[in-house]
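Inside the fold
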Amino acid sequence: MLQSIVRFFRLGNLKQVAGFTWDSQDVEQSNREFFHDIIECLVAALEAKDCYTCGHSSRVADLSLDLARGLGITGEALENIHIAAHLHDIGKMGIADNILNKRGKLLLEEWAQIHLHPVIGYNILRKSKKLGPIAKIVLHHHERWDGKGYPHGLRRYNIPLASRIIGVADAVDAMTTSRAYREPMSWKDCYYEVQVNKNKQFDPLVTEAAEKLWNTWAGEQQTDC
Ligand SMILES: [Fe+2]
Ligand SMILES: [Fe+2]
């Protein structure tokens, strides 16, 4: 009897229990969509607080996905980059509103507060076992290829590849969208900036992946929310 029940449940992905029928692939897809929705809700909570970066996380997620695909990344690693990119600035929830939404130039001590956001984000996300790998990517998204970034001053390949990818996507979006204190940079000028910072701020391979995508990115109307 037990063996026949086991055989029944091994029949492909289709499962029937107590009159209900569902496909395990559908359940998995539904779980993934639910997980993604929760992530989007978390980001919406951040963007309600930080109005000037509205839409930033979604755009960085899209750009990061393009870069990762361009570098041949697939499967779970690709999924992790996408989720981490959505959540990369979640630590800004722990930064005071008057600093986050300040219109003028930030004082040194205010910059020091802003620079805490990768660690705050890491500490939020590492509470979840499932988000552990994502937390590490978020922790290092402001490291630089030349080691002059933060929080740990990691260099080159010591920085997780996913964080290097998000670093480029983050900078591109920050430059090409407007802030309260400045106009957006043109895609042409942004291309020059990225070139200048290749091997300094940015991983050269990720920069080259961005170069290949540039015309597509520049042609897309990336609208704010
Ligand atoms: Fe950030
Ligand atoms: Fe960002």
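Scroll up to find the structure.
Note that the coordinates shown come from a computational prediction; the quantities given were computed from them, not determined experimentally.

Description of the packing of helix α3 (residues 56-70) against helix α4 (residues 75-87)
Across the interface, α3 lies against α4 with an axial gap of 7 Å and an inter-helix angle of 155°. Taken as axis vectors, α3 and α4 run roughly antiparallel relative to one another. Considering the relative orientation of α3 and α4, their crossing is right-handed. Only Leu78, Ile81, His82, Ala85 and His86 of α4 make contact with α3, whose side of the interface consists of Ser57, Val60, Ala61, Ser64, Leu65, Ala68 and Arg69.

A word on helix α9 (residues 161-176)
Since the α-helix packs 3.6 residues into each turn, any two residues three or four apart lie on the same face. Taking 1.5 Å as the rise per residue, α9 with 16 residues should run 22 Å; its terminal C-alpha atoms sit 23 Å apart, in good agreement. Across the 16 residues of α9, 13 count as buried, placing the element largely inside the fold.

Examining the nonpolar core
Core analysis: the biggest nonpolar cluster contains 35 residues, and Ala84, Leu87, Val138, Ile165, Val168 and Ala169 have the highest contact counts within it. Broken down by element, the residue count for this core peaks at seven residues, all from α9. Excluding anything up to four places from it in sequence, Val168 contacts Leu67, Phe202, Val206, Thr207 and Ala210.

The rules we used
- Residues numbered from 1 in each chain as written.
- Chains lettered and ligands numbered in written order.
- Predicted model: local features only at pLDDT ≥ 70, side-chain atom pairs only at ≥ 80, totals over all residues.
- Axes fitted to C-alpha atoms, helices over the stretch in contact; angles between N-to-C directions.
- Helix = DSSP H or I, 4+ residues; strand = E, 2+ residues; numbered from the N terminus.
- Parallel < 35°, antiparallel > 145°, perpendicular 65-115°, else oblique.
- Left-handed = near helix turned anticlockwise from the far one by under 90°.
- Contact = placed C-beta atoms within 7 Å.
- Expected span 1.5 Å × (residues − 1).
- Buried ≥ 20, exposed ≤ 12 C-beta atoms within 10 Å, placed from the backbone.
- Core = buried A, V, L, I, M, F, W, Y, C linked by C-beta atoms within 7 Å.

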